[in-house]
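# Tertiary structure, described
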Amino acid sequence: MKKILAVILAVAMVAAALFAFAACDGAGTTSKEYKVGVLREDDTSGEAIAWQGYLTAVGKELGLTFEFVTTDSSTSEVNAINTFAAKGFKAILLFSDDDVIASVTAANKNKMYLVIPTGNVNDEQREQLNKLEYYLGSVSPTDDTDYQAGYDMAKYFVNDLGKSVFTLFGGATCYAVSMHVQRLAGILAYLCEDEGTSYDGAKTRGELVGKVAGQGVDPTKFVSTKYTITGYMDGFAFDDAFSTKLQQSMIAGGTSILSVGAGDAVAGIAYGIANAVASIDASEVKSAGVDAITSAYADCFNIGYTYDCGKYASAMAPGLVLLTAALNGNKIVDETGAAPRAGMSYWVATSLDELNTMLAADNETDGYCYNGKVVEYYAGKGYTEFLELCNADFEAAKTINANYGK
């Protein structure tokens, strides 16, 4: 009888241990190995390289293996998804956006989870996508975040650097791309808070968005008793015409250059001009951009780049949280039961030292800020906690790492 009881007790203890292990495993890391396809249009920028490094390293901690494919059309996206499905892949991270509906639909037909980790869909797209079982949601800075990024950049140049004469680069504003329109409107909105300043009669965010979307900025329409805009460029040709406009603006005093994107390219061109034109004081050339917090921008701080605002390597973590949670049977949904459409905060560095501090806290060698343990923690939580991760600035991110990443 005692032997029978001993056997029963032993079996019970083993069962309890297995249950505890399974429960712990289900809260975060995946219990199986999964292959995930990554579709992207950019595979060369500092941001793209940083994200690939992050996904590869943290994926190993989570039981996820990533394969990267660069696409250039909706057709190539769908073909890649079907190829991944045939190879037994379980999920897709979608960076490219030629036709998000077509891509998500293709993944759904193949019963593959899909996350958009660095871009948000519009209302019409979201209504269609939320009908698809395997669509997990999107994460990206919102229009409000992009507007604030431009506003804060201009504010820093005025309040902290004492600047009042500007050159503006509007990026894809000429194509009415929302994030660039909002950043440019934010820059103008801060300047227009001055009583004697307006742009084409506009002063508020809504008015300014309407003035610049698809049009850009005409410096002659900027009226101010305090500030001056000496030049404006947009598009991404960065050709002789671009350099000529930038040079003319800098000669006219616009050596404070605010860019809604591609700040590294603009800083490099401005540096070359400043060192080639005797009438320009190179020490006065200060540039800024909404770009990325990656090592690719470190050298820019040695050529006048003064303000770097952008996403970072660990910005991939919220997308991994959505994916890992779904693979564990803990699909995260918003308060309405729909796949999340979440915002994301930027990190901001105003010096090389600040940038290096951020990079030291978020790299493969020393450890990513949002490492596998952080992803595991939030994958076992709900929507409210998920938003906490998405909305964290650098200081909050350090706290998250200290609490859950050790």
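Values in this document were obtained by computation on a predicted structure and should not be read as measured data. Here the residue index of a chain counts from 1 through its sequence in written order. With pLDDT at 70 or above as the cut-off, local features in this predicted model cover only qualifying residues; side-chain atom pairs require 80 or more to be listed or tallied, and sums for whole chains, interfaces and linings still use all residues. Hydrogens are left out, water is left out, and the side-chain values use all remaining heavy atoms of the structure.

To form a nonpolar core, buried Ala, Val, Leu, Ile, Met, Phe, Trp, Tyr and Cys residues must be joined to one another through side-chain atoms within 4.5 Å. For every residue, the accessible area (1.4 Å probe, protein chains only) is compared with the maximum for its type, and the residue is labelled buried under 20%, exposed over 50%, or partly exposed between those bounds. Grouped together as the largest cluster of nonpolar side chains are 63 residues, with contacts concentrated most on Tyr54, Leu93, Leu320, Leu323 and Tyr370. Tallying contributions element by element places helix H11 (residues 317-327) first for this core, with eight residues. Domain delimitation in this document rests on an assignment produced automatically or drawn from a domain database. Summarising the domain contributions, this core has at least three residues from each of domain 1 (34-139 + 313-404) and domain 2 (144-293). Whether two residues are in contact is decided by their heavy atoms, any of which lying within 4.5 Å being enough. The contact partners of Leu320, leaving out residues within four places of it in the chain, are Tyr54, Leu55, Val58, Leu62, Leu64, Phe66, Leu93 and Val375. Within the second largest apolar cluster, 35 residues are counted, among which are Phe157, Phe166, Tyr199 and Val260. In this text, helices come from DSSP runs of H or I with a minimum length of four residues, and strands from runs of E with a minimum of two, each type numbered from the N-terminal end.

By salt bridge we mean one thing: a side-chain nitrogen of Lys or Arg within 4 Å of a carboxyl oxygen of Asp or Glu. Considering all chains together, one arrives at eight salt bridges under this definition. For Asp123, the salt bridge is made with Arg341, and the minimal N-O distance between the two is 2.9 Å. Pair noted here: Asp123 is in helix H5 (residues 123-129) and Arg341 is in strand S13 (residues 341-342), with a separation of 218 residues, a long-range link. Residue class for Asp123 comes out exposed when judged on its relative accessible area of 56%. As a salt-bridge pair, Glu284 and Lys163 come within 3.2 Å of each other at their nearest N and O atoms.

Next up on the list: the confidence of the model for the protein chain. One number per residue, pLDDT, summarises how confident the predictor is, and it ranges from 0 to 100. Averaged over all residues, the pLDDT of the protein chain equals 93, while 92% of them reach at least 70. Low pLDDT (under 50) marks residues 1-27, which in the prediction has seven contacts with non-local residues, meaning those over four places away or in another chain.

Whether parallel or antiparallel, the strands of a sheet pair through hydrogen bonds between backbone atoms. Note on pairing: two strands pair once DSSP finds at least 2 bridges between them. The strand order across the open sheet built from six strands is S9-S6-S10-S11-S12-S14, with neighbouring strands paired in mixed fashion. Of all the strands in the sheet, the pair left with one neighbour each is strand S9 (228-233) and strand S14 (347-349). Sheet twist, expressed as the average angle between the axes of neighbouring strands with direction ignored, equals 20 degrees. One ladder, built from seven bridges, connects strand S11 (residues 286-293) with strand S12 (residues 305-312); its direction is parallel. Paired with Val290 across the bridge in S12 is Cys309. Against the sheet, helix H9 (residues 240-251) engages strand S6 (165-169), S9 and strand S10 (256-259), with an angle of about 175 degrees to S9. For helices, the axis comes from a line fit to the C-alpha atoms of the stretch in contact; other axes are also lines fit to C-alpha atoms, and the angle between any two N-to-C directions lies between 0 and 180 degrees.

Along the chain, the position of Ser287 falls in strand S11. With a relative accessible area of 2%, Ser287 lands in the buried category. In this structure Ser287 touches Phe157, Ile257, Ala267, Gly304, Tyr305, Thr306 and Tyr307, once residues within four positions along its chain are discounted.

Relative to the helices and strands, Glu47 is located in helix H2 (residues 46-62). When charges are tallied, Lys and Arg are placed among the positive residues and Asp and Glu among the negative ones, while His and the ends of the chain are skipped. Despite its burial, Glu47 remains without a salt bridge, the nearest opposite charge being carried by Lys311 at 4.2 Å.

Turning to the sheet that holds strand S4 (residues 113-116), a few remarks are in order. One open sheet holds the six strands; their spatial order is S2-S1-S3-S4-S5-S13, and the pairing between them is parallel. Because the sheet does not close on itself, it has two edges, and the strands there are strand S2 (64-70) and S13. In terms of strand pairing, strand S1 (residues 34-40) meets S2 through seven bridges, oriented parallel. By the bridge assignment, Val38 is partnered in S2 with Phe68.

This part takes up the packing of aromatic side chains. Ring geometry is summarised as follows: Phe, Tyr and Trp rings, the Trp one being its six-membered ring, pair when their centres sit within 6.5 Å, and such pairs are stacked at plane angles under 30 degrees, edge-to-face over 60 and tilted between the two. Inspection of every chain in the model, using the stated rule, returns 22 aromatic pairs. Between Phe166 and Tyr227, the aromatic rings sit 6.4 Å apart at their centres with planes inclined by 50 degrees, giving tilted as the arrangement. Here Phe166 is found in strand S6, whereas its partner Tyr227 is found in the loop between strand S8 (222-223) and S9, with 61 residues between them in sequence. Between Tyr312 and Trp347 the ring centres are 3.7 Å apart and the planes differ by 5 degrees, which places this aromatic pair in the stacked class. With a gap of 35 residues between them, Tyr312 in strand S12 and Trp347 in strand S14 connect regions that are remote in the sequence. One exposure class covers both Tyr312 and Trp347, and it is buried. Through a chain of ring-to-ring contacts, the aromatic side chains of Phe169, Phe236, Phe238 and Phe242 assemble into a single cluster.

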